Amino acid sequence: MTQFNDTELTAAVIKSFEQTPNSRARFLLQELVKSLHDYVRKTDLSFEEWDTAIGFLTRTGQKCTDIRQEFILLSDVLGVSMLVDAVNHRDRDGATETTVLGPFYVGEHKVTPHGSDISADLSGERMFVQSRVTDLGGKPLAGVPVDVWHADQDGFYDSQRPSYATDGPSSRARFVTDADGRFHFRTIVPCSYPIPTDGPVGQMIMQTNRHPMRPAHVHFLVNARGYEPLITHVFVEGDKYIDSDVVFGVKDELIARVEKRTDPVMPDGKPADGPWHLMTYEFHVKPGGGLAPAPLGTKATEDA
Ligand SMILES: [Fe+2]
């Protein structure tokens, strides 16, 4: 029997992964062991603290369901999601900036006609969104599926409501770009909202005196065949939390002015019932491939 000192222990665990057939998996596991062991050494982690961490991670897993992803939320609030985003998108070449997927991409994005009101049943200030998808040279891309989702007037996503199972999606849809790369739809102006605080991640945020708020935004997933899937948000300029997003997801280029309008007619020629808002944003995608993220509980697909 061998008794290791703590440095030898680290070396032994790293060595134990030597036979991992996949070299990338071997590298990731060995680096993980190094970082974890360094953390324990650096912090002189007590048994009680180790037990607290295990309990926290256990509760995080137990909170996950097909439509609730507490681990993504944990990754988001620790800045890991944005760091993964950053190391994978170092060179944008003029492509639209990316940001976190977030925990509310649950699928159920049905192809919806342009101009539809995706929040027809919700109260709130009305907003017309007009957008276009082009390549880096400005060439419009036709037939591109674009998934859209945002929170309601109370700051909740449809999937957080008990009614989701019976009523289906709201403020969530897929539009397919026309021959000129354009699409447009109606909805409500989204509001800032707290991440869920009824689980271990939200509780950790509150216990550490961080605020749980995300600035108002609309999520977009632009998935053009032959181009990198673009996962991003468009943020509403002027939001109170624009500089302190709890998941660190804001980038200047993704902030859009949402104009207040009183024109009696909206850009698609249909009458406005009253004052409305206009959000205009263009997406530029770069050539490449890769799978778009899978909605929770499903497998990734090129058409997701
Ligand atoms: Fe969101």
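Reading guide: rules and limits
- Residues numbered from 1 in each chain as written.
- Predicted model: local features only at pLDDT ≥ 70, side-chain atom pairs only at ≥ 80, totals over all residues.
- Heavy atoms only, no water.
- Helix = DSSP H or I, 4+ residues; strand = E, 2+ residues; numbered from the N terminus.
- Pairing = 2+ DSSP bridges.
- Axes fitted to C-alpha atoms, helices over the stretch in contact; angles between N-to-C directions.
- Domains from an automatic or database assignment.
- Core = buried A, V, L, I, M, F, W, Y, C linked by side-chain atoms within 4.5 Å.
- Buried < 20%, exposed > 50% of the residue type's maximum accessible area, 1.4 Å probe, protein only.
- Contact = heavy atoms within 4.5 Å.
- Salt bridge = Lys/Arg side-chain N within 4 Å of Asp/Glu carboxyl O.
- Donors = N, O, S within 2.8 Å, 3.2 Å for Na, K, Ca; no water.
- Tetrahedral: all angles 85-135°; square planar, octahedral: opposite > 155°, others 65-115°.
- Phe/Tyr/Trp six-rings, centres within 6.5 Å; stacked < 30°, edge-to-face > 60°.
- Parallel < 35°, antiparallel > 145°, perpendicular 65-115°, else oblique.
- Nonpolar A, V, L, I, M, F, W, Y, C, P; charged D, E, K, R; others polar.

A. Expanded view of unusual backbone geometry. If you check the backbone angles, D44 has positive phi at about 50 degrees while not being a glycine. Considering the arrangement of structural elements, one finds D44 in the loop between α2 (23-43) and α3 (47-63). Although it is not a glycine, N209 adopts a positive phi angle of roughly 60 degrees.

B. Spatial organisation of the sheet that holds strand β1 (residues 126-134). Overall, mixed pairing links the four strands, which are arranged β4-β1-β11-β10 in an open sheet. The two strands at the open ends of the sheet, each matched to only one other strand, are β4 (182-188) and β10 (258-261). Geometrically, the sheet is characterised by an average inter-axis angle of 25 degrees between neighbouring strands, direction not taken into account.

C. Fine view of the domain arrangement of the protein. On domain assignment, one finds that the protein holds domain 1 (1-45) and domain 2 (70-284). Once you take the C-alpha centre of each, domain 1 and domain 2 turn out to be 40 Å apart.

D. Representation of the nonpolar core. F220 and F283 are the most contacted members of the largest nonpolar core, which has 30 residues in total. Secondary structure elements with two or more residues in this core: β1, β2 (145-149), β3 (172-176), β4, β7 (217-222), β8 (230-236) and β11 (276-284). Looking at which element gives the most residues to this core, the answer is β8, with four residues. When residues no more than four places from it in sequence are discounted, the contact partners of F220 are V129, V146, D147, V148, W149, F183, F185, L230, I231, T232, V234 and F283. By size, the runner-up hydrophobic cluster in this structure holds 12 residues, among which are F56, I205, V246 and V247.

E. Spatial organisation of the sheet that holds β7. Pairing in this open sheet of five strands is mixed, and the strands run β3-β2-β7-β8-β9 from one edge to the other. Whereas interior strands pair on both sides, the edge strands pair on one side only; in this sheet they are β3 and β9 (255-256). Across five bridges, the pairing between β2 and β3 is antiparallel. Each residue of the ladder has a partner; that of V146, found in β3, is F175.

F. View of the environment of V222. If you trace the backbone, V222 turns up in strand β7. Residues V222 and L136, spaced 86 residues apart in sequence, show a C-alpha to C-alpha distance of 14 Å. Look past the residues within four positions of V222 in its chain and what remains in contact with it is V133, V144, P145, V146, E228, P229, L230, F283 and V285.

G. Representation of the pattern of salt bridges in the model. Applying the stated criterion across every chain yields a total of 22 salt bridges. The partner of D6 in a salt bridge is R41, and the shortest N-O contact between them spans 2.9 Å. Taken as a pair, D6 in helix α1 (residues 6-16) and R41 in helix α2 lie far apart in primary sequence, 35 residues in all. On the accessibility criterion, D6 (44% relative accessible area) is partly exposed.

H. Structural view of the coordination of the iron ion. Within the protein, the atoms that donate to the iron ion are Y157 (OH), Y193 (OH), H217 (NE2) and H219 (NE2), at distances of 1.9 to 2.1 Å. Taken together, the four donor atoms coordinating the iron ion and their angles of 91 to 160 degrees define a geometry best described as irregular.

I. Region of interest: the packing of aromatic side chains. Inspection of every chain in the model, using the stated rule, returns 10 aromatic pairs. Pairing F104 with Y157 gives two aromatic rings, centres 4.4 Å apart and planes at 15 degrees, and the pair type is stacked. Here Y157 lies in the loop between β2 and α6 (164-167) and F104 lies in the loop between α5 (80-88) and β1, a separation of 53 residues in the sequence. The class of F104 is buried, set by a relative accessible area of 5%. Y157 sits in the buried class, given a relative accessible area of 1%. Members of the aromatic cluster, connected to one another through ring pairs, are F175, F183, F185, F220, Y281 and F283.

J. Focus on helix α7 (residues 200-207). Turning to α7, its buried residues number three or more, namely P200, V201, G202, M204 and I205. In this fold, the buried residues of α7 make contact with α3 and α4 (70-77). Taken from the residues just after α7, N209 is the one with a positive phi, measuring 60 degrees.

K. Layout of the packing of α4 against α7. Close contact between α4 and α7 brings their axes to 9 Å; oriented N to C, the two are set at 30 degrees. The angle between the axes of α4 and α7 places the two elements in the roughly parallel class. Of the residues in α7, those touching α4 at E70, L73, L74 and V77 are P200, V201, G202, M204 and I205. Grouping the amino acids of the contact of α4 with α7 by side-chain chemistry returns seven nonpolar, one polar and one charged.

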